[in-house]
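Each chain is listed here by its residues.
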Amino acid sequence: MKILEVNDYSLNDRNASGAENFLARLTDGLVERGHDIESISLFHGDVPSSLAEYDVIHINNARHCSEKSQRRVSETLEKTVFTVHDYLPLCRARNMLFLNFIECPFLGQGICEDCVPAWYGRQLPQDFYAEAHTVVYPSRKMKSIFERCMKTKGIVIHHGIPIPKLEHQDSNENYVLFTGRVLHEKGIVTLIAAFKNVKAEMPKAKLICSHKGDLETFKELAPEGINFLGGVANDELERLYRGATVIVAPSIWQEPFNLTVLEAYSYAKPVIASNIGAHPELVKHGKTGFLFKPFDDQDLADRIIQLSTDETYTNNLGRNGFRLLKDEFNLEKMVRDYESIFETI
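This structure is a prediction, so every number in the text was calculated from the model and none was measured. (Residues numbered from 1 in each chain as written. Predicted model: local features only at pLDDT ≥ 70, side-chain atom pairs only at ≥ 80, totals over all residues. Heavy atoms only, no water.)

1. Description of helix H1 (residues 18–32)
Spelled out, the test is: For helices the rule is a DSSP run of H or I covering at least 4 residues; for strands it is a run of E covering at least 2, with both sets numbered from the N terminus onward. An expected span of 1.5 Å times one less than the residue number is assigned to each helix. Any residue under 20% of the maximum accessible area for its type is buried, any over 50% is exposed, and the rest in between are partly exposed; the area is computed with a 1.4 Å probe on protein chains only. Residues are treated as being in contact if the distance between any of their heavy atoms lies within 4.5 Å.
The terminal C-alpha atoms of H1 lie 21 Å apart, and with 15 residues this matches the ideal 21 Å at 1.5 Å per residue to within 8%. Buried residues of H1: Ala19, Glu20, Phe22, Leu23, Leu26, Thr27, Gly29 and Leu30, and no others. Check the buried side of H1 and you find it contacts strand S1 (2–7), strand S2 (36–41), strand S3 (56–59), strand S4 (80–83) and helix H13 (331–342). Once H1 finishes, Gly34 follows within two positions and takes phi at roughly 95°, a positive value.

Next comes the structure, spelled out in structure tokens:
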């Protein structure tokens with residue numbers, strides 16, 4: 001098949017994030033299976049004037065889709081597959097949080113102009129999703145939200161990542177690792193409060209936050225023992241995963257997915273995640289880690305202390321996560337699932 005992959009950015013753009021990493025993995029997997037793939041970045045250009053030569057048009061993020069490109073896409077919706085990566089088609093704030101704190105009670109009611117006056121690009125018309133061949137969501141939770149707000153149908157294909165040849169469970173340097181963006185919706189306030197509780201029980205406890213974000217704001221709230229590294233290179237991130245005791249994902253918004261969980265499993269590390277969004281689909285409570293109540297810093301602290309003081313149990317949870325990754329969230333399965341959808345066009 002000849003497939004056109006459409007996305008806002010390419011993997012090499014400075015704004016590249018999870019969607020670009022997903023697309024790079026999918027493209028490599030499809031090429032290995034013999035498909036002809038062309039890619040276009042909407043940030044740098046328009047959709048080709050003629051789409052007749054392509055068997056499939058696969059659209060991902062499209063905030064920079066010009067009116068010209070929209071007209072061209074509208075003529076080929078019968079062979080178009082959308083993969084939805086975030087909530088921007090529903091929410092200009094993208095995180096569906098009202099006043100950056102509680103889940104928005106007005107979602108889908110059209111008052112976003114008053115809530116968020118920022119510009120977030122040109123959105124594709126919502127009827128594009130209804131008329132497309134298929135809409136793909138990375139989680140059941142995300143699918144349910146879109147179907148409730150946009151009345152669209154679709155399928156779920158979980159993301160997948162490459163499986164290491166050997167199970168990683170190297171040195172345990174006895175620190176907690178947070179690899180999400182240092183932003184409010186990622187639950188950083190809950191994490192800092194929880195870590196203060198952890199320090200009261202375990203004075204030598206350490207927490208490492210290894211991503212970009214609003215670092216200076218949250219550094220002011222943080223107790224001693226929290227190290228904000230900012231963005232790190234891939235080899236350094238790998239070292240941090242290898243040395244961690246447990247990975248935390250304390251988000252307060254409806255995570256569409258969360259690749260951090262899969263990355264933790266690839267190093268046979270357990271995950272403590274908030275019970276929200278896609279997390280219950282990824283973390284098996286008591287088997288690969290724990291789910292805690294969102295915003296509940298004491299619940300999170302108790303789980304961190306539990307896994308920091310029981311090495312055998314912690315290692316068992318990590319090995320279970322590695323097996324779950326191999327069975328349900330491997331890259332080969334994701335590529336096959338997409339190929340199956342493309343072949344129905």
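2. Concerning unusual backbone geometry
One non-glycine residue, Asn174, adopts positive backbone phi at about 65°. With relative accessibility at 39%, the residue Asn174 sits in the partly exposed group. Although it is not a glycine, Phe295 adopts a positive phi angle of roughly 75°. Checked against the element boundaries, Phe295 lands in the loop between strand S14 (289–292) and helix H11 (297–308). On the accessibility criterion, Phe295 (36% relative accessible area) is partly exposed.

3. Examining the side chain of Thr288
Inclusion rule: Between N or O atoms, a polar contact is any pair within 3.5 Å; within protein, one atom must be a potential hydrogen donor and the other a potential acceptor, and residues adjacent in sequence are included only when both atoms are from side chains.
Within the secondary structure, Thr288 sits in the loop between helix H10 (279–282) and S14. Within the local environment of Thr288, its side chain forms a polar contact with the side chain of Tyr265, the two groups lying 2.7 Å apart. Filtering out sequence-adjacent residues up to four positions away, Thr288 remains in contact with Tyr265, Pro270, Val271, Leu282, Val283, Leu317, Asn320, Gly321 and Leu324.

4. Points about the pattern of salt bridges
Stated precisely, the cut-off is as follows: One speaks of a salt bridge when a side-chain nitrogen belonging to Lys or Arg is within 4 Å of a carboxyl oxygen belonging to Asp or Glu.
Within this structure, the stated rule accounts for 13 salt bridges. Residues Glu38 and Lys2 are paired through a salt bridge, measuring 3.4 Å at the closest nitrogen-oxygen approach. Of this pair, Glu38 sits in strand S2 while Lys2 sits in strand S1, and the two are 36 residues apart along the sequence. The closest approach of N and O atoms between Lys2 and Glu53, which form a salt bridge, is 2.3 Å.

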